[in-house]
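Listed here are the chains, written in short residue letters.
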Amino acid sequence: MRKISAAWWFLAPALLVLGVFFLLPVLAGLALSLTDYDLYALADLRNLRFVGLHNYWELLHRPEFWAALGHTLYFVIVGVPLSLLASLGAALLLNSPLSKARAFFRTALFAPVVTTVVAVAVIWRYLFNPKYGMVNFVLGHFGIAPVDWLGDPHWAMPMIILFAVWKNFGYNMIILLAGLQAIPQELYEAARIDGASVWRQFRHITLPSLAPILLMVGILTVSGYFQLFAEPYVITEGGPLQSTESVLYLMYDEGFKWWNMGTASAVAFLLFVLMFAVTAAMWRAGEARESLT
Amino acid sequence: MRVARAIVPALLAACTLLAACGSHPEDSRTLEFWTIGREGEAVVKLLPEFEREHPGIHVRVQQIPLTAAHEKLLTAYAGDSLPDVTQIGNTWIPEFAALHALEPLDALAAASRDVREPDYFPAVWATNRFDGALYGVPWYVDTRLLFYRVDLLRDAGFDAPPRDWAEWRRQMDAIRAHSGGKRWGALLPTNEYDQLLALALQQHEPLLRDGARYGNFRSAGFKRALAFYVDLYRRGDVPPYTNIQVSNPWEEFGRGAFVFYLSGPWNIGEFRKRLPPSQQDAWSTAPLPGPDGPGDSVAYGSSVAIPVASHDKRAAWLLIEYLSRPLVQQRFYELLGDLPPRRSVWESPALKQDPKLHAFRDQLERMQPAPPVPEWEQIVNMMQDIAARAVAGQLTIDQAAAQMDVQADTILAKRRWVLQNQAR
Amino acid sequence: MSARAAAWWINGALVVATALALFPLAWMLSVSFMQPGTASSLPPPLLPAHPTLGNYHELFAHAGMGRYFLNSVFIATSITLLSLACNTLAGYAFAKLRFAGREKLFGMLVGGLVIPAQVAMLPLFLLLKYVGLVNTYAGVILPGTATVFGIVGIFLVRQYARTIPDDLLEAARVDGAGEARIFLQIVLPLLKPILVTLAVLTFLTAWNDFMWPLIVLTGQQHYTLPVGLASLSREHVQDFELMMAGAVITVLPVLLLFLALQRYYLRGLLLGSVKG
């Protein structure tokens, strides 16, 4: 008896904080998304109407929502593989027995992860300034005409993708590095004796051993990238021509610029459903592959 | 570890204490005053005299950046954390008045010696009224007109600024030709709505119809304005840049990257400050050209208002009165270049004899307010988003106008319901 | 390819990667010392011609950066301490205390990881408004405790606490010690390594948190560094050098903290991510 009640005392603070400041708002958000809470309701609650699934219906018919979704998917589909490639590449380099000063390189490559998004986003905006930015200056040396990173709708999102990759690759690099170091050396020895090339060793030993970690890291990165917000907010304000407007940016605009809280909540929940579906699918695909091997 | 355990409740107590402190005014009547943009830096210099006149009132100024001001004010309203007195754009007054966020000031203004309504430009005073009551006192008046490089215009063969659209277009074409395509005619950032709005307000048709219940962007007048606007980019007279790409327009103006700049009075002070003395005679201002002659412009401006949630409305009104005094307004103008909303202040030598101000004095008599609906900020942003796509060639004029109407009608749906409800 | 050539390629690639990773930060530092207006010229300068501390002076004297810095320190520290308290207690309970529904409850918590925090933000704002906590420190700290490192923190502590031998705890119980005493005198000292790790992870994440403080802090006097910097960057978009100085002030503390405590930070990362 004593043991049971003691446990609940231990759990109480965490459950209380999580319950009040996380679970409760999430449920309230669901309720909010079924109303048309807006400025008028803010002034006078009698102006609030229950609208059922109307917000969702209206969103799914709004071109702006699909555009925001498209931009977010573009960011995820291009950014995640790029980020994982960079992380894996860096991890492989660090893991190589031929690399020197490993601790230094590891720290240096990880440094961008620790920095504040807002601060480095400000730096990025200046680096990619079409006229005075370092990037176009360097590109100019290679004979490439200045790219309008901030103004051309086709180049703004790639710039943000580069930013996300630069900022985050170190995180996954550490995890993949740990995974690489866990692979027993004997496997590589045996393969070398058998005459396998470096590439074959990579394909048949490294990748399969890393598969579960890669999957997990992939899911985490996908989930994080769906929540793209700070970069468009600081660097491009959603532009140019809303080409960097992500789903969360749309939610922020709807909710805190125009105070259409009902619509904004619906946006948040649609995003959640989508994220859940995608990560669940990835998880299941990963499990299926594992059961095959 | 026991110490660690003691720290936690202590910190919790400290947090709640600080939280409590955070939401209550301090002892000696601190007046929280929010300003938008650069006004904060300038008004701080005017405050010592106010505080000398009213010992016991201390004014604390907080500056909000212009691009975030609207959402900051709304969020503050929603979070019950509006200040004691605030600057507010006059196009937002209908919105905040509809929210019952602002204190009606009719009685105070009628009894005041400093705030005298007849002295104010009527168009600007009118923008502060909503539903029959006064919700703000104009602080400075603002409009949009042409800043231009006199020397570069003369090089292209013109001695005077344009008076109508056709002449403006001609001049910009000549500028392009004369500079071999290196110089733009004008800079009109595509993510700012003021420029298109000014052109649109020059038309006879209103932007919203039916008691501001539906969009009216498909009217012939608006389409004409939109066509003229989009055409400027298509002809190559205006670059399709946002204000993020041209983050330093003053330097570009000084370097002669473009000749015309559709902007407002604060830039008089900015150009005077940022351009070298040798270039001060090279630029001037001109009233906005209209379709068939000098045109109207937007009746912008900022007012000072007292939120209903203000802790010290009496002190807030004292500050408003102080800022409304002609002498103080004159000093404010000298600090920043913001235009006074009172005719008497315009008679002072500093304003009357400044050649760069003549165009403004002229334009102030030809101003049109934006439609006074709470949703206006959202509608005008939507308008510019769609216009920018038309500029980029993604939409035709007719398509853009149709989309604007569809969106405006959606945005105004709740308003229609509320009005219907109230009528019952 | 000979081993020597391979070594050159590999180390060369590492050098290039490091240069790319560090260049923006180094440039940020360099520009922050440049005279106002000099950074926006062609070719873009790498080093300041006439280094000056003017930008920093401007930030602290007129833009209130000192205040934002203190706010960040206070808020991040508070979130860390509160979070540590909650997560340690709960993590230990999930690991070592037996009670009905333990696994199910933990499963639900892990499920909560899937929900993005933004879903909660809008109604949370309204909730805080009705309680009067908008624009207060508590309004940032309490939700921060839940979302900054709430569930993952519990997970980490649980993982680590599981390694505590049960006999140790049983012996103490047999001796008649209460659960509270066991926790304070036996468990906490054993958990010290993970606590330090968790503290570092939580502090860094709380320091960098942006979206929620942006929403809930309406008054300048409560702004944290990221929010203050974002606000300044919209107001002073043309003052490169000033913005870079602001970025340095925001980034430097966490970078230094990371360099000093990276051992704990990286360990915590791995503990949480690589399946035990």
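Source: prediction; values computed, not measured.

Chemist: Give me the overall build of chain B: which residues, what numbers.
Modeler: If you tally the helices and strands in chain B, you get 20 helices and 17 strands. Computed over the C-alpha atoms, the radius of gyration of chain B is 23 Å, within 12% of the 22 Å expected from 2.2 N^0.38 for a compact globule of 424 residues. With respect to the principal axes defined by its C-alpha atoms, chain B has extents near 75 × 60 × 55 Å. When contacts within chain B are restricted to residue pairs at least 6 apart in sequence, those whose partners lie at least 24 apart make up 77%.

Chemist: Tell me about the interface of chain C and chain A, residues and numbers included.
Modeler: At the junction of the two partners, chain C supplies 74 residues and chain A supplies 69 residues. Looking at the side of chain C that touches chain A residue by residue, the class counts come to 58 nonpolar, 14 polar and two charged.

Chemist: Account for the packing of helix H5 (residues 102–114) of chain A against helix H1 (residues 3–32) of chain C, with residues named and values stated.
Modeler: H1 of chain C packs onto H5 of chain A with a crossing angle of 40° between their chain directions and a minimal axis gap of 9 Å. For the element pair H5 of chain A / H1 of chain C, the angle class is oblique. Note on packing geometry: the crossing formed by H5 of chain A with H1 of chain C is left-handed. Packed against H5 of chain A, whose contacting residues are Phe105, Ala108, Leu109, Ala111 and Pro112 of chain A, the element H1 of chain C presents Leu14, Ala17, Thr18, Ala21, Leu22 and Leu25 of chain C at the interface.

Chemist: Which residues make up helix H9 (residues 194–201) of chain B, and what values go with them?
Modeler: Residues and elements named next belong to chain B. By the criterion of burial, H9 is predominantly enclosed, with eight of the eight residues buried. Restricting attention to buried positions, one finds in H9 the residues Asp194, Gln195, Leu196, Leu197, Ala198, Leu199, Ala200 and Leu201. Elements in contact with the buried residues of H9: helix H10 (220–234), strand S11 (258–263), strand S15 (297–298), strand S17 (367–368) and helix H18 (376–391).

Chemist: I'd like a description of the environment of Ser112 of chain B, backed by residues and values.
Modeler: Residue and element names in this part refer to chain B. Within the secondary structure layout, Ser112 lies in the loop between helix H5 (106–111) and helix H6 (122–127). Among the residues examined, Ser112 registers 16 C-beta atoms within 10 Å and is labelled partly exposed. Taking the C-alpha atoms as reference, Ser112 lies 7.8 Å from Glu321; in sequence the two are 209 residues apart.

Chemist: Tell me about the sheet that holds strand S7 (residues 145–149) of chain B, residues and numbers included.
Modeler: Residues and elements named next belong to chain B. The strand order across the open sheet formed by four strands is S8-S11-S7-S12, and the pairing between neighbours is mixed. Both outer strands of the open sheet, strand S8 (184–187) and strand S12 (283–286), are each paired with one neighbouring strand and no more. Between one strand and the next, the sheet's axes are offset by a mean angle of 20°, whatever the strand orientation. Strand direction decides the pairing type here: S7 and S11, joined by four bridges, are antiparallel. From the neighbouring strand, Leu146 faces S11, where its bridge partner is Leu262.

Chemist: Give a description of the interface of chain B and chain A that names residues and reports values.
Modeler: In this assembly, 20 residues from chain B lie in contact with 20 residues from chain A. Of all the secondary-structure elements, those providing two or more residues to the side of chain B that touches chain A are helix H3 (66–78), H18 and helix H20 (413–423) of chain B. Among the residues forming the side of chain B that touches chain A, the class breakdown is ten nonpolar, six polar and four charged.

Chemist: Explain the sheet that holds strand S1 (residues 30–36) of chain B to me, using residue names and the numbers behind them.
Modeler: All names here are of chain B. Spatially, S2-S1-S3-S16-S6 is the arrangement adopted by the five strands of the open sheet, whose pairing is mixed. Both outer strands of the open sheet, strand S2 (58–64) and strand S6 (137–142), are each paired with one neighbouring strand and no more. Sheet twist, expressed as the average angle between the axes of neighbouring strands with direction ignored, equals 20°. Contacting S1, S2 and strand S3 (85–89), H3 runs over the sheet at an angle of about 115° to S2. Against the sheet, helix H13 (residues 313–324) engages S1, S2, S3, S6 and strand S16 (300–305), with an angle of about 50° to S1.

Cut-offs applied
Residues numbered from 1 in each chain as written. Chains lettered and ligands numbered in written order. Predicted model: local features only at pLDDT ≥ 70, side-chain atom pairs only at ≥ 80, totals over all residues. Helix = DSSP H or I, 4+ residues; strand = E, 2+ residues; numbered from the N terminus. Rg over C-alpha atoms; globule rule 2.2 N^0.38 Å. Contact = placed C-beta atoms within 7 Å. Nonpolar A, V, L, I, M, F, W, Y, C, P; charged D, E, K, R; others polar. Axes fitted to C-alpha atoms, helices over the stretch in contact; angles between N-to-C directions. Parallel < 35°, antiparallel > 145°, perpendicular 65-115°, else oblique. Left-handed = near helix turned anticlockwise from the far one by under 90°. Buried ≥ 20, exposed ≤ 12 C-beta atoms within 10 Å, placed from the backbone. Pairing = 2+ DSSP bridges.

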